[in-house]
Amino acid sequence: MAKGMSSFISDLILENKGTFENKRSCDMNAYGVYGKTVQKTLFEGDEKKRYIHIYHSISKDADERERFENVLRERTALLMSHQNETVEFGSAYEKYFYLHYDKDGVFLYPEEKTTVTEREISLCGYFVIITSERKIHEVPLYSGSVNVFEIPPFGASSK
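Note on numbering: residues in each chain are counted from 1, in written sequence order. Totals for whole chains, interfaces and linings use every residue, but because this is a predicted model, local features are given only for residues with pLDDT of at least 70 and side-chain atom pairs only at 80 or more, for both listing and counting. Side-chain figures throughout are based on the complete set of non-hydrogen atoms in the structure, without hydrogens or water.

**Q** Before we go on, may I ask you to explain the packing of helix α2 (residues 58-80) against helix α4 (residues 114-122) in this structure?
**A** The description of two helices packed together rests on the angle between their axes and the distance between the axes. To obtain each axis, a line is fitted to C-alpha atoms, and for helices this fit is confined to the stretch in contact; angles are then taken between N-to-C directions over 0 to 180 degrees. Counting from the N terminus, the helices are DSSP H or I runs at least four residues long and the strands are E runs at least two residues long. Direction vectors running N to C along α2 and α4 enclose 155°, while the axes themselves pass 10 Å from each other. Between α2 and α4, the interaxial angle falls into the category roughly antiparallel. Of the two elements, α2 crosses α4, and the hand of that crossing is right-handed. Contact residues: R65, F68, E69 and L72 in α2; T117, E120 and I121 in α4. When residues are sorted by character, Ala, Val, Leu, Ile, Met, Phe, Trp, Tyr, Cys and Pro go into the nonpolar class, Asp, Glu, Lys and Arg into the charged class, and all the rest, Gly among them, into the polar class. When its residues are assigned to classes, the contact of α2 with α4 shows three nonpolar, one polar and three charged. In these notes the angle categories are as follows: under 35 degrees is roughly parallel, over 145 is roughly antiparallel, 65 to 115 is roughly perpendicular, and the rest is oblique. A crossing counts as left-handed when the near helix is turned anticlockwise from the far one by less than a right angle, and as right-handed when that turn is clockwise. Whether two residues touch is decided by their heavy atoms; if any such pair falls within 4.5 Å, the residues are in contact.

**Q** Which parts of the structure should I look at to understand the sheet that holds strand β1 (residues 27-28)?
**A** Sheets are built from strands paired through backbone hydrogen bonds, the pairs being either parallel or antiparallel. Criterion used throughout: strands pair if DSSP finds at least two bridges between them. Ordered by their spatial adjacency, four strands build an open sheet running β1-β2-β3-β6, and the pairing between neighbours is antiparallel. At either end of the open sheet lies a strand with only one pairing partner, and these are β1 and β6 (126-131). Packing against the sheet, helix α1 (residues 6-16) makes contact with β2 (33-40), β3 (50-56) and β6, and its axis sits at approximately 115° to β2.

**Q** Quick question: what am I supposed to make of the nonpolar core here?
**A** Note that soluble globular proteins tend to have their nonpolar side chains buried in a common cluster. Counting residues in hydrophobic clusters, the biggest one holds 13 residues, and the most contacted among them are I13, F20, I52, I54 and V128. Looking at this core, the elements that each hand over two or more residues are α1, β2, β3 and β6. Counting residues per element, this core draws most heavily on α1, at three residues. Take the buried residues of types Ala, Val, Leu, Ile, Met, Phe, Trp, Tyr and Cys, join any two whose side-chain atoms come within 4.5 Å, and each joined set is a nonpolar core. Using a 1.4 Å probe on the protein chains alone, a residue whose accessible area is under 20% of its type maximum counts as buried, one over 50% counts as exposed, and one in between counts as partly exposed.

**Q** Honestly, the side chain of N16 in this entry has me stumped. Any pointers?
**A** By secondary structure assignment, the location of N16 is in helix α1. If near-sequence neighbours (up to four positions away) are discounted, N16 is found in contact with E21, K36, V38 and I54.

**Q** Help me understand the environment of N16 in this model?
**A** Since its relative accessible area comes to 8%, N16 is described here as buried. Within 3.5 Å is the distance limit for a polar contact, defined as a pair of N or O atoms, with the added protein rule that one can donate a hydrogen and the other accept it, and that residues adjacent in sequence qualify only through two side-chain atoms. Separated by 3.0 Å, the side chains of N16 and K36 make a polar contact.

**Q** Is there a simple way to explain α2 in this structure?
**A** Helical periodicity: at 3.6 residues per turn, an α-helix aligns residues three or four positions apart in one direction. In this model α2 runs 33 Å from its N-terminal to its C-terminal C-alpha over 23 residues, within 8% of the 33 Å that 1.5 Å per residue would give. Turning to α2, its buried residues are E64, F68, V71, L72, R75 and L79. On the buried face of α2, the contacting elements are α3 (91-94), β4 (97-101), β5 (107-112), α4 and β6. A helix is expected to span 1.5 Å for every residue after the first.

Rendered as structure tokens:
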């Protein structure tokens, strides 16, 4: 994924979601992915339209979703284990949970931000390559290095 463009890329994936993943004409059989190319400028003032190749892998979708669901369950359990304590969890937890405290700062309970988590789930299995060429002759195998939903361990600060 292009550094600093995650929101742009995520929005682009969601705009195109459902338009190619089940179309046999978009199947890149040798790679186990479905793909689509859209042409867009990357930023305001960009005079050259780029080719944004959007891919979806069914197997990566399942793997990423399972990992994300497991992380949410683990984090929920961790948060619940700190009920009735004076503790702060940081922005990494606040991204996915409303953290409820009493007036004295004692942690009461977490509430999942379902709009956020559902958006993350809907992005599982997708990856993007940006080029200035219409065609890519080879699709690099998805390495799993893009992880838009990584939650640091308890106590670690967010980036």
